[in-house]
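Here is how the chains run, residue by residue.
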Amino acid sequence: MSGAEKNGRPRVGIDGLECKGCGRCVLACPAKCLEIGKAANARGYQPAIYRGDGCVGCGNCYYVCPEPLAIEIEVV
């Protein structure tokens, strides 16, 4: 965040090109803040998307994801 202080809320960052839409993160999320998107990426997969609220920062999505660098937990 440029010029602004972080307020300490976690959020999920998903690289839509790297995600293959396997759904493991969606199933592992205790806050149910992830879902499989409807739009296909350039590789033909429907990547997971963050609904925009509710992440508790547990990291479950990150640890179950088989794709390196597809998911990260950010503090905003």
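My aim in this report is to walk through the structure given alongside it, one point at a time. Since the model is a prediction, treat every value here as computed from it, not as a measurement.

Conventions adopted
- Residues numbered from 1 in each chain as written.
- Predicted model: local features only at pLDDT ≥ 70, side-chain atom pairs only at ≥ 80, totals over all residues.
- Heavy atoms only, no water.
- Helix = DSSP H or I, 4+ residues; strand = E, 2+ residues; numbered from the N terminus.
- Rg over C-alpha atoms; globule rule 2.2 N^0.38 Å.
- Phe/Tyr/Trp six-rings, centres within 6.5 Å; stacked < 30°, edge-to-face > 60°.
- Patch = residues over 30% accessible without salt bridge, like charges linked within 9 Å, V, L, I, M, F, W, Y side chains within 5 Å.
- Areas by Shrake-Rupley, 256 points an atom, 1.4 Å probe, with all protein chains shown as cover.
- Salt bridge = Lys/Arg side-chain N within 4 Å of Asp/Glu carboxyl O.
- Core = buried A, V, L, I, M, F, W, Y, C linked by side-chain atoms within 4.5 Å.
- Buried < 20%, exposed > 50% of the residue type's maximum accessible area, 1.4 Å probe, protein only.
- Contact = heavy atoms within 4.5 Å.

### With respect to the overall build of the protein chain
- In terms of helices and strands, the protein chain carries two helices and four strands.
- Shown N-terminal to C-terminal, the secondary structure of the protein chain runs as helices and strands in the order β-α-β-β-α-β.
- Relative to a compact globule of 76 residues, whose C-alpha radius of gyration would be 11 Å, the protein chain shows 12 Å and is just as compact.
- Each principal axis of the C-alpha atoms in the protein chain carries an extent, and together these give about 35 × 25 × 20 Å.

### Regarding the packing of aromatic side chains
- Summed over all chains, the structure comprises one aromatic pair.
- With 5.2 Å between their ring centres and 85 degrees between their planes, tyrosine 62 and tyrosine 63 make a pair best called edge-to-face.

### Observations concerning unusual backbone geometry
- Positioned with a positive phi, lysine 32 is a non-glycine residue whose angle comes to about 55 degrees.
- Within the fold, lysine 32 resides in the loop between helix 1 (24–28) and strand 2 (34–36).
- Residues other than glycine seldom take positive phi values, yet leucine 69 does so here, at roughly 70 degrees.
- If you trace the backbone, leucine 69 turns up in the loop between helix 2 (60–64) and strand 4 (71–75).

### Details of a nonpolar patch on the surface
- Together, Tyr62, Tyr63 and Ile73 line one region of the surface with nonpolar side chains, adding up to about 350 Å² of accessible area.
- Take isoleucine 73: it is sitting in strand 4.

### Examining the nonpolar core
- Membership of the largest hydrophobic core is limited to eleven residues, which are Val12, Cys19, Cys25, Cys29, Cys33, Leu34, Ala48, Tyr50, Cys55, Cys61 and Ile71.
- Discounting chain neighbours no more than four positions away, the residues touching alanine 48 are Ile14, Cys19, Cys25, Glu35, Ile36 and Gly37.

### Quick look at the environment of glutamate 72
- In this structure, glutamate 72 sits in strand 4.
- Ignoring anything within four residues of it in the chain, the contact list for glutamate 72 reads Arg11, Val12, Gly13 and Tyr62.

### Brief notes about the pattern of salt bridges
- For the structure on display, the rule yields four salt bridges.
- Residue lysine 20 is joined to glutamate 67 by a salt bridge in which the shortest nitrogen-to-oxygen separation is 3.2 Å. Taken together, the residues span a long stretch of sequence, with lysine 20 in the loop between strand 1 (10–14) and helix 1 and glutamate 67 in the loop between helix 2 and strand 4 at a distance of 47 residues.
- Here lysine 20 falls in the partly exposed class, since its relative accessible area comes to 33%.

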